There are 2 protein chains.
Amino acid sequence: MGKIWIVGIGPGNQEMMTKKAIDTLKNSDVIIGYTGYIALLGDDFSNIEKIATGMRGEVERCRMCFEKALENKNVSLICSGDAGVYGMASLIFELSSEYSEVEIEVVPGVSASLSGAAILGAPINHDFVTISLSDLLTPWEVIEKRLRMASAGDFVITLYNPSSHKRKDYLERACEILLENLSGDTACGYVKNIGRNGEAAWVGTLLELKDEKVDMFTTCFIGNSQTFIKDGKLITPRGYKI
Amino acid sequence: MGKIWIVGIGPGNQEMMTKKAIDTLKNSDVIIGYTGYIALLGDDFSNIEKIATGMRGEVERCRMCFEKALENKNVSLICSGDAGVYGMASLIFELSSEYSEVEIEVVPGVSASLSGAAILGAPINHDFVTISLSDLLTPWEVIEKRLRMASAGDFVITLYNPSSHKRKDYLERACEILLENLSGDTACGYVKNIGRNGEAAWVGTLLELKDEKVDMFTTCFIGNSQTFIKDGKLITPRGYKI
C-alpha cells in the first residue's frame, strides 16, 4: 500500500521548501498537482514521474492520489504555499473515508502570507487574518462579513486571490468594505509573484490600494491601526518599547 | 559591513526549516537568539558562534545584532516558527533607523499555525485568524475584542501563547468569550511541543477545550461552523463538492 503526502511547496523553488518537503518529493514514486504548480518545479525532481491536472479538477486530482496509492505508489500531492491554507489537505481527508487503508501525512510549507510578509518587511507581526476573495467556493456575503469583522477587530488582514479574469473588481469591492471601518490612510502593501520571476512589491495607503490593478498571483496586506511604512517597508509593531 | 538575516526556524529541527534558512544559518558568522531557541538548534551549526540571550531582553538582543553587523559580521537572528509572526522582524525594522547602513533580510519559516495544522489534519483550510493570548505587550481588552470579532466572523481561530505560569486561566477566559458567539460543540484541537520531543495532539469540543490544561508551548485551534472531527483529525472543508 502506498501513502499520500500533501506537500506545501511554498513559492515553488527548493530554496523556500522545507527540507522535509524536498526529501518527501525526492522519495515519491509520483508527484501530482495542478498544472501551474507542476510547472513551478521546473526541471527539479526530474527522475520522479509527474502528473499535472487542470484547474477545477481538484476532486479528480485527489481521487487520482488515492488510486495511485492503492497501486502501491508513494504519492506527493503538491500545493503552492502551505498544504493546508486553501490547499488540498482538507479535501484529501474528506475523501479518505472511501479509501480508509491509505495513510495520509501533511507536510506544511511557507504560505504566501509569510513569504510575502518577508518581502514587505514585517506586516503580520501581530494578530492577523487570512481571507480569500475567491467566491468560487464561498458565498460573497460570507467574505463581506469576514472583511467587516476583521477590520472591526483591528487585525492585520492578508488577502489571497484578490483578483482574477472574472473577478477584476473584487479587490476594489473589498477595500470599499474595509473603508467602512478603516482610515483611508491605513498602511497597505502587496507582492506579486512571490519568490518567482516578476516578483514585485508595492506599499501605499488603503485608498491607493483600492485603485491598484492586481492579479491572482498577488497577496495583499492591510495593516492594523499601528502599522506604518518606513523606508519602503510595511511594519506592524509587536509593542516593544524601544 | 555585515548584514542581518531574521530567520524563522520553524519548530527548530532542520527538517522543518527551509533550505534558505539552513543555508543562511550555515553562512552566518554568528547566530543570535533567545536561550530557548538557541537550545532548539542542539548540535547543529556547531562551527558557528552562537549567542543566547534571556526572555524580556528582546530590544537588547536586536541591538546586539546591529552591533555585530557593524563589526562586519553576518548575523542570523533566529525566531521560532516564522520570523515575522510574533517574531523579531518588526523590532529589527523599528530599530534600523539608528543603524541605517545595515542591510536587513527576512527569511520566513513555518509558523506554529501551519505546523500544528499539519499534525491535526486540515483545520485552517479556510479563512482563519491568528491571535496571541499574551497580554505582556497587548492590552487584554484588545485581545477580547479580537476574540469576539473572530468568532462573529466565523473564522477558524488559532491561538498562540494560550497560557503561561502567570496566565494559567487565559485559555479558559478566551473560550468563555468565544462561547458568546460559538456553539459549545465547535470542533477544536491543540498541539503541544509541535515538531519537538513530547509532541502531543488533542481534539475535542470548545466546551472541553475550555477546561484543558495547556502550556506556553501549545497552539490551539478553534474550528469554524463547518469544521468537523473525523478519525481523530480536525478538518475544515474548503467547499469542494465530493
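The shown structure was predicted, so the numbers you read here are calculated from the model rather than taken from an experiment.

1. Here's the deal with the pattern of salt bridges
In step 1: Taken as a whole and judged by the stated rule, the model has 22 salt bridges over all chains.
In step 2: Between Asp 154 of chain B and Arg 146 of chain A there is a salt bridge whose closest N-O contact spans 3.6 Å. Remark: Arg 146 of chain A occurs in helix α6 (residues 140–152) and Asp 154 of chain B occurs in the loop between α6 (140–152) and β8 (156–160); the pair is interchain, linking two chains.
In step 3: For Asp 154 of chain B, a relative accessible area of 17% translates into the label buried.

2. Some words on the relation of the copies chain A and chain B
Relating one copy of the chain to the other requires a rotation about an axis plus a shift along that axis.
In step 1: Laying chain A over chain B is done by rotating through 180° and shifting 0.0 Å along the axis; what remains is an RMSD of 0.0 Å. Given the turn and translation reported, the copies of this chain are related as if by a two-fold rotation axis.
In step 2: A high fraction, 100%, of the interface residues of chain A reappear at the interface in chain B, so the copies pair face to face through one surface.

3. Some remarks on a nonpolar patch on the surface
Residues and elements named next belong to chain A.
In step 1: A cluster of nonpolar side chains, Met 55, Met 216 and Phe 217, forms an exposed patch at the surface whose accessible area comes to about 280 Å².
In step 2: With respect to the helices and strands, the residue Met 216 is situated in the loop between α8 (206–210) and β11 (218–222).
In step 3: Relative accessible area serves as the criterion here: at 33%, Met 216 is assigned to the partly exposed category.

4. Brief notes about the environment of Ile 32 of chain B
All names here are of chain B.
In step 1: By secondary structure assignment, the location of Ile 32 is in strand β2 (residues 30–34).
In step 2: A relative accessible area of 0% means that Ile 32 is categorised as buried.
In step 3: Measuring from C-alpha to C-alpha, the distance between Ile 32 and Lys 68 comes to 9.9 Å, with 36 residues separating the pair along the chain.
In step 4: For Ile 32, the residues in contact, after removing those within four places along its chain, are Ile 38, Ile 51, Arg 61, Met 64, Cys 65, Lys 68, Val 75, Ser 76, Leu 77 and Ile 78.

5. With respect to the packing of α6 of chain B against helix α7 (residues 170–181) of chain B
All names here are of chain B.
In step 1: One way to put it is that α6 packs onto α7 with a least axis distance of 8 Å and a crossing angle of 40°. If you check the angle between α6 and α7, you find them oblique. Remark: the crossing between α6 and α7 carries right-handed chirality. In this structure, α6 uses Trp 140, Glu 144, Leu 147, Arg 148, Ser 151 and Ala 152 to contact α7, whose residues at the interface are Tyr 170, Arg 173, Ala 174, Ile 177, Leu 178, Glu 180 and Asn 181.

6. Here we look at the sheet that holds strand β4 (residues 75–79) of chain B
Adjacent strands of a sheet form backbone hydrogen bonds with each other and so pair up, either parallel or antiparallel.
Residues and elements named next belong to chain B.
In step 1: The five strands lie next to each other as β3-β2-β4-β1-β5, forming an open sheet whose pairing is parallel. Two strands bound the open sheet, and with one partner strand each, they are β3 (49–53) and β5 (103–107). Along the sheet, successive strands turn relative to each other by an average axial angle of 20°, direction set aside.
In step 2: Both β2 and β3 contribute to a ladder of five bridges, which runs parallel. Bridging from a neighbouring strand, Val 30 pairs with Glu 49 of β3.
In step 3: Along the sheet, helix α3 (residues 58–70) makes contact with β1 (3–8), β2, β3, β4 and β5, crossing β2 at roughly 170°.

7. Some words on the environment of Glu 71 of chain B
In step 1: Here Glu 71 of chain B lies in the loop between α3 and β4.
In step 2: With 76 residues separating them along the chain, Glu 71 of chain B and Leu 147 of chain B place their C-alpha atoms 45 Å apart.

8. Thoughts on the interface of chain A and chain B
In step 1: Counting residues at the interface gives 69 residues for chain A and 69 residues for chain B.
In step 2: Together, the buried faces of chain A and chain B total about 6,000 Å²; carbon and sulfur atoms form 63% of this surface.
In step 3: A per-residue breakdown of the area chain A buries against chain B is headed by Arg 146, Arg 238 and Tyr 240 of chain A, which together make up 13% of the total.
In step 4: The interface formed by chain A and chain B includes four salt bridges.
In step 5: A salt bridge links Arg 146 of chain B to Asp 127 of chain A; its shortest N-O distance comes to 2.8 Å.
In step 6: Broken down by element, the side of chain A that touches chain B gets its largest block of residues, six residues, from helix α4 (residues 89–95) of chain A.
In step 7: Taken together, the residues of the side of chain A that touches chain B sort by class into 32 nonpolar, 21 polar and 16 charged.
In step 8: Pairing geometry for strand β7 (residues 128–132) of chain A and strand β7 (residues 128–132) of chain B, over three bridges, is antiparallel.

Rules and cut-offs
Residues numbered from 1 in each chain as written. Chains lettered and ligands numbered in written order. Predicted model: local features only at pLDDT ≥ 70, side-chain atom pairs only at ≥ 80, totals over all residues. Heavy atoms only, no water. Salt bridge = Lys/Arg side-chain N within 4 Å of Asp/Glu carboxyl O. Helix = DSSP H or I, 4+ residues; strand = E, 2+ residues; numbered from the N terminus. Buried < 20%, exposed > 50% of the residue type's maximum accessible area, 1.4 Å probe, protein only. Least-squares fit on C-alpha atoms with pLDDT ≥ 70 in both. Contact = heavy atoms within 4.5 Å. Patch = residues over 30% accessible without salt bridge, like charges linked within 9 Å, V, L, I, M, F, W, Y side chains within 5 Å. Areas by Shrake-Rupley, 256 points an atom, 1.4 Å probe, with all protein chains shown as cover. Axes fitted to C-alpha atoms, helices over the stretch in contact; angles between N-to-C directions. Parallel < 35°, antiparallel > 145°, perpendicular 65-115°, else oblique. Left-handed = near helix turned anticlockwise from the far one by under 90°. Pairing = 2+ DSSP bridges. Buried area = accessible area lost by both parts, 1.4 Å probe. Nonpolar A, V, L, I, M, F, W, Y, C, P; charged D, E, K, R; others polar.

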